[in-house]
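Each chain is listed here by its residues.
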Amino acid sequence: MSRSPYELSAPPEVLARLHPRLRTYFGPVPAGHVGRGEGVFGVVGTPRRWLWPVLAVFARDSVVFPVWERDVPFTVENRPARVRRGSGPSLEARPAVRAHRTFHFRSGARTMVDAITAEPDGLVDHLGRHGRVSARLRAQVDADGPDAGALRLVSTHVTFRVLGRDLRLPAALSPRVTLVERFDDEADVQRVSLVLAAPVLGTLYRYEGAFRYEIAPDTERG
């Protein structure tokens, strides 16, 4: 992968404002290599237990999990991949970065899977092992202020793939994903915060924590 999905979709002037240590994370993962990170999430999930049956449905495809835990150790692995989208003559495999985030909950390890692609109208995050839920993302990097150099990704709409077709949710019903990745120079760690919220209902799911990250040879795949 010569250019990452972020480099293919975000304007160069936006990426130029990224903290230098974040450019490795959002840059390309070379062939034969893997991006690996390890850290701790301060919180994961939601304390609103009435949402857990709904989250359990999405847990089957490794999207989110019905939990509410603190101080959860986790690892992340980013690998170059290809995601097949479209149908019929328009079916194509797009370059992507596929992430596996493994949460070590008290009840056992669970892995969240997603793949980021660059598409004609921007970044798209395909959630879960089968990518049946997708969020189109808008990228922003502040030049100054408390989040200077951090990457903020906000979903503009969410689609569900049903019987080979993408069904876009109306804006009034669509949940919003907000992901912020920033580098903490003082602690020498990368900090991440994700919030999934919905109109009227508010926050449905979140996680936030810190980790260290590097690109290394992918010895697991020979």
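Structural data are supplied above this passage.
This write-up is about the structure you can find in this document.

Procedures and definitions
- Residues numbered from 1 in each chain as written.
- Predicted model: local features only at pLDDT ≥ 70, side-chain atom pairs only at ≥ 80, totals over all residues.
- Heavy atoms only, no water.
- Helix = DSSP H or I, 4+ residues; strand = E, 2+ residues; numbered from the N terminus.
- Contact = heavy atoms within 4.5 Å.
- Phe/Tyr/Trp six-rings, centres within 6.5 Å; stacked < 30°, edge-to-face > 60°.
- Buried < 20%, exposed > 50% of the residue type's maximum accessible area, 1.4 Å probe, protein only.
- Salt bridge = Lys/Arg side-chain N within 4 Å of Asp/Glu carboxyl O.
- 1 Å grid on protein atoms, 1.4 Å probe; cavity = no way out; pocket = protein on both sides within 12 Å on 5 of 7 lines; lining within 4 Å.
- Points joined across faces, edges and corners; volume = space filled by probe spheres on them.
- Patch = residues over 30% accessible without salt bridge, like charges linked within 9 Å, V, L, I, M, F, W, Y side chains within 5 Å.
- Areas by Shrake-Rupley, 256 points an atom, 1.4 Å probe, with all protein chains shown as cover.

1. Quick notes on the environment of Tyr205
Inference 1: Note that Tyr205 resides in strand E11 (residues 202-217).
Inference 2: Setting aside chain neighbours within four positions, we find Tyr205 in contact with Val44, Gly45, Leu55, Val64, Phe65, Leu194, Val195 and Leu196.

2. Structural notes on the packing of aromatic side chains
Inference 1: Under the definition given, this model contains twelve aromatic pairs.
Inference 2: For the pair Phe41 and Phe74, a centre-to-centre distance of 3.9 Å together with 15 degrees between the ring planes defines the contact as stacked. Taken together, the positions of Phe41 in strand E1 (residues 33-45) and Phe74 in strand E2 (residues 68-85) put the pair 33 residues apart, joining distant regions of the chain.
Inference 3: On the basis of relative accessible area, Phe41 is assigned to the buried category, the value being 1%.

3. Notes on unusual backbone geometry
Inference 1: Here Asp71, not a glycine, exhibits a phi torsion of approximately 55 degrees, which is positive.
Inference 2: Residues other than glycine seldom take positive phi values, yet Val200 does so here, at roughly 70 degrees.
Inference 3: Turning to its location among the elements, Val200 is positioned in the loop between strand E10 (189-198) and E11.
Inference 4: The exposure class of Val200 is exposed, given its relative accessible area of 89%.

4. Comments concerning the pattern of salt bridges
Inference 1: For the structure shown, the criterion picks out nine salt bridges.
Inference 2: The shortest N-O distance in the salt bridge between Arg79 and Glu77 comes to 2.8 Å. When sorted by exposure, Arg79 lands in the same class as Glu77, which is buried.
Inference 3: Across the pair Arg101 and Asp114 runs a salt bridge, and its minimum N-O distance is 2.8 Å. One end of the pair, Arg101, is in strand E3 (residues 92-105); the other, Asp114, is in strand E4 (residues 108-119), with 13 residues separating them in the sequence. Accessibility assignment for this pair places Arg101 and Asp114 in one class, buried.
Inference 4: Shared partners join several salt bridges into a network, and the residues in it are Arg36, Glu77, Arg79 and Asp218.

5. Quick look at the layout of surface pockets
Inference 1: Considered as a void within the structure, the largest pocket measures approximately 750 Å³ in volume.
Inference 2: Lining the largest pocket we find 40 residues, and of these Val63, Val64, Leu127, Val177 and Leu196 sit closest to its centre.

6. Details of a nonpolar patch on the surface
Inference 1: A surface patch of nonpolar side chains, about 380 Å² in accessible area, is lined by Trp50, Val200 and Leu201.
Inference 2: Along the chain, Trp50 turns up in the loop between E1 and helix H4 (52-59).

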